[in-house]
Amino acid sequence: MIKLAHPHIRALLKKNIDFTHMIDEIPLGILVLDCDRRVVYLNRFFQALSGVSINRAYVIECRNILRSSACITNCPVLTMDKENRSISCENDMINMDRQKLPIRTTVAPLLDTDGKTAGYIETIEDLRVIETLDQKKSVAYSFAKIIGRSTKMEKIFQTLPILAQSDTSVLITGETGTGKDLVAEAIHQTSERAPGPFVKINCGALPETLLESEIFGHQKGAFTGAVENKPGRFKLAHNGTIFLTEIGDLPLSLQVKLLTFLDDKIIFPLGSTKGFHVNVRIIAATHRNLEQMVNDGQFRKDLLFRLNVARIHLPPLREREGDIRLLLDYFFISYTRQLDKKLKGFSKTALMRLMNYGYEGNIRELKNIVEYAVNVTNGKLIEVDNLPSYLFDPVTLFRESKPSEPPLIDSPRIKETETWASIQRKMILDALKQTKGKKSEAAKILGWGRSTLWRKIKQYKIDS
Amino acid sequence: MIDKITITIHQDQIAPRFDLTTEILIILISSNLVVEEKKSIVLPRSSADDLCHLLISENINTLICGAMEDEYYQFLKWKQINIFDSVMGSWATAFKNWQENTLNPGDIFSDRMIEGKLV
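Residues numbered from 1 in each chain as written. Chains lettered and ligands numbered in written order. Predicted model: local features only at pLDDT ≥ 70, side-chain atom pairs only at ≥ 80, totals over all residues. Heavy atoms only, no water.

1. Here we look at the side chain of Asn386 of chain A
All names here are of chain A. Inspection of the secondary structure puts Asn386 in the loop between strand E16 (381-382) and helix H19 (394-401). Here Glu383 takes part through its backbone nitrogen, which lies 2.9 Å from a polar atom of the side chain of Asn386. Setting aside residues no more than four positions away along its own chain, Asn386 makes contact with Tyr372, Ala373, Val376, Thr377 and Leu381. (Helix = DSSP H or I, 4+ residues; strand = E, 2+ residues; numbered from the N terminus. Polar contact = N/O pair within 3.5 Å; in protein donor to acceptor, adjacent residues only side chain to side chain. Contact = heavy atoms within 4.5 Å.)

The structure is reproduced here in structure tokens:
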């Protein structure tokens, strides 16, 4: 509890005020520290940003909780004490999800009625929002990080700002690799909820029991191992957006619980009879055909109606005329910069092959192809030889020579992306066999950096 | 088997950030958990890349550290290094817990104090 010190304000408010509720509602991370820079309170926004709960952080030195670069190199609280003024600086922090986040830290003292320092208040602003806006300004034919100039994408670009300004639930559908996550984040970042948290839950990534506790939270003692209260993702996303990706994989029992929440906006953590009101916007995404799942009894019809208030269907790359070239150039520039390569572009034949390829894995596949090509090219231009060999696989060529089928979500075409994975996996295994398991030599044969090979080995689970 | 442990330190505490560490401890442990050798290295500058390189070239098999970016975590995991990250507080206590096989990532070994008194 923080007591007000200013005499005028104190006269206005005669009672001691519990400021914790107000601090929790502020869309900035806030840490209240004592004189020894130990954490006395963390607001909800900071808990969501850092992944550290107040129970864990209570009276621990703030540098172990905030873990910002400023804490290590030039502690703003100490600087403020020396210079006798509030301090604001841009730096970065690492949260419990091991993400490095750009932040702005501002520190001010908390004074008692005698004007002596009783503690400090530190605010943490997440600068990712601002960085996204900067990127938005600098790229033509784009919305946030989404790029495209085809008619279908232009329509989406026109719709997105309107949807962002509304507060309705949004359902994003589209094949794998079409950019559903990017769209969800773009809607959040351009909405009025942008200063609030954007919390993503992958409904297909966790088993049912863990998922329920992760989404809705639990009460201490609700089950074996529940040693402390857990707020749950919904509570952490209060005043922000919650993104439920792979909603088609959400178990039926949790679909009922989600539906109840959508009706009354009240969350009941596991083991708790006391519910609390949460103000979040829901964005859901799936590559599955939910209507078909409803017919098969795997997805609740009423939940579909609730989520399907506004729907965005992201077209597969093969239907986005003109965008392949734009994306090839975009990723080419991005990877040549990243890998510090002095390449001029694609040769005519390589470009022709890339422009006529089917891209079953959509933008993700295109991005991987460009990454591979930029990595392996040693000359000035990316030649046909520098493209992944599977692009010239007879199976791939035969498949492309067939007339194009109407786009279907969850169609067997998606499964054909396995070809890309299996061929790349085989290439890695061959290289490793050839070099008797020496990864650095295998990386050289493949024309990749060691870290790229390591990433691919992890991706294809070759090491296990 | 001999274990080689690195702890990223700042004075008597575990350094809060792996990438900003400027001092490390390397401890050599024999199979019966006896400390054979202990040396501290002051790094010329803080760099996560250089530190990863050092850990690999020194054949370290356990790392105890503070906050760490996922990129470096995954890389060192791939290099078969056991990592206890997000550990806070006294490195000596963290090391003792490791010896007793009770150390977990995210453990806190800081004193919880308010106005100079333990809570």
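2. Quick notes on the packing of aromatic side chains
All names here are of chain A. Tallied over the entire structure, the rule returns eleven aromatic pairs over all chains. Taking the centre distance of 5.4 Å and the plane angle of 50° together, the rings of Phe332 and Phe346 count as tilted. You can see Phe332 sitting in helix H16 (residues 323-338) and its partner Phe346 sitting in strand E15 (residues 345-346), a full 14 residues away along the chain. By relative accessible area, Phe332 is classed as buried at 8%. Relative accessible area serves as the criterion here: at 12%, Phe346 is assigned to the buried category. Relative to Tyr390, the ring of Tyr357 lies with its centre 6.2 Å away and its plane at 80°, an arrangement referred to as edge-to-face. On the criterion of sequence distance, the pair formed by Tyr357 in the loop between helix H17 (348-356) and helix H18 (362-376) and Tyr390 in the loop between E16 and H19 is long-range, its members being 33 residues apart. Take Tyr357: its relative accessible area is 5%, and that puts it in the buried class. For Tyr390, a relative accessible area of 3% gives the class buried. (Phe/Tyr/Trp six-rings, centres within 6.5 Å; stacked < 30°, edge-to-face > 60°. Buried < 20%, exposed > 50% of the residue type's maximum accessible area, 1.4 Å probe, protein only.)

3. Overview of the state of the cysteines
Inspection of every chain in the model, using the stated rule, returns zero disulfides over all chains. In this structure Cys89 of chain A is not part of a disulfide, and its nearest cysteine sulfur, from Cys71 of chain A, lies 8.9 Å away. With a relative accessible area of 23%, Cys89 of chain A lands in the partly exposed category. The thiol of Cys65 of chain B is unpaired, and the distance to the nearest cysteine sulfur, on Cys52 of chain B, comes to 9.6 Å. (Disulfide = S-S within 2.5 Å.)

4. Section: the packing of H16 of chain A against H18 of chain A
Residues and elements named next belong to chain A. It is the contact of H16 with H18, at a shortest axis distance of 9 Å, that shows an interaxial angle of 45°. Relative to H18, H16 is oriented oblique. Two packed elements cross with a definite hand, and for H16 against H18 that hand is right-handed. Along its contact with H16, which presents Ile324, Leu327, Leu328, Phe331, Phe332, Tyr335 and Thr336, the element H18 presents Ile363, Leu366, Lys367, Val370, Glu371 and Val374. The residue makeup of the contact of H16 with H18, split by class, is ten nonpolar, one polar and two charged. (Axes fitted to C-alpha atoms, helices over the stretch in contact; angles between N-to-C directions. Parallel < 35°, antiparallel > 145°, perpendicular 65-115°, else oblique. Left-handed = near helix turned anticlockwise from the far one by under 90°. Nonpolar A, V, L, I, M, F, W, Y, C, P; charged D, E, K, R; others polar.)

5. Some details on unusual backbone geometry
Residue and element names in this part refer to chain A. Of note, Arg98 is a non-glycine position whose phi angle comes to about 65°, a positive value. Mapped onto the elements of the fold, Arg98 is located in the loop between strand E3 (87-94) and strand E4 (100-111). You will see that Asn362, though not glycine, has its phi angle at about 55°, which is positive. According to the relative accessible area criterion, Asn362 is buried, its value standing at 0%.

6. Quick notes on the confidence of the model for chain B
Low pLDDT means the predicted atomic positions in that stretch should not be read closely. Residue-level pLDDT values for chain B average 92, and 99% of them are 70 or greater. Confidence, expressed as mean pLDDT per element, reaches its minimum in chain B at strand E10 (residues 117-118) of chain B with 76 and its maximum at strand E5 (residues 62-64) of chain B with 97. (pLDDT = per-residue confidence, 0-100.)

7. A word on the interface of chain B and chain A
Facing the 32 residues of chain B at the interface are 29 residues of chain A. Applying the counting criterion to the chain B and chain A interface returns four salt bridges. Among the salt bridges present, the one from Asp92 of chain A reaches Arg17 of chain B, with a minimum N-O distance of 2.6 Å. If you look at where chain B meets chain A, you find twelve residue pairs in polar contact (both at pLDDT 80 or more). When contributions to the side of chain B that touches chain A are tallied by element, the ones reaching two or more residues are strand E2 (13-14), helix H2 (70-78), strand E7 (88-89) and strand E9 (113-114) of chain B. Element by element, the count of residues in the side of chain B that touches chain A is highest for H2 of chain B, at six residues. Of the residues that constitute the side of chain B that touches chain A, the class distribution is 13 nonpolar, nine polar and ten charged. (Salt bridge = Lys/Arg side-chain N within 4 Å of Asp/Glu carboxyl O.)

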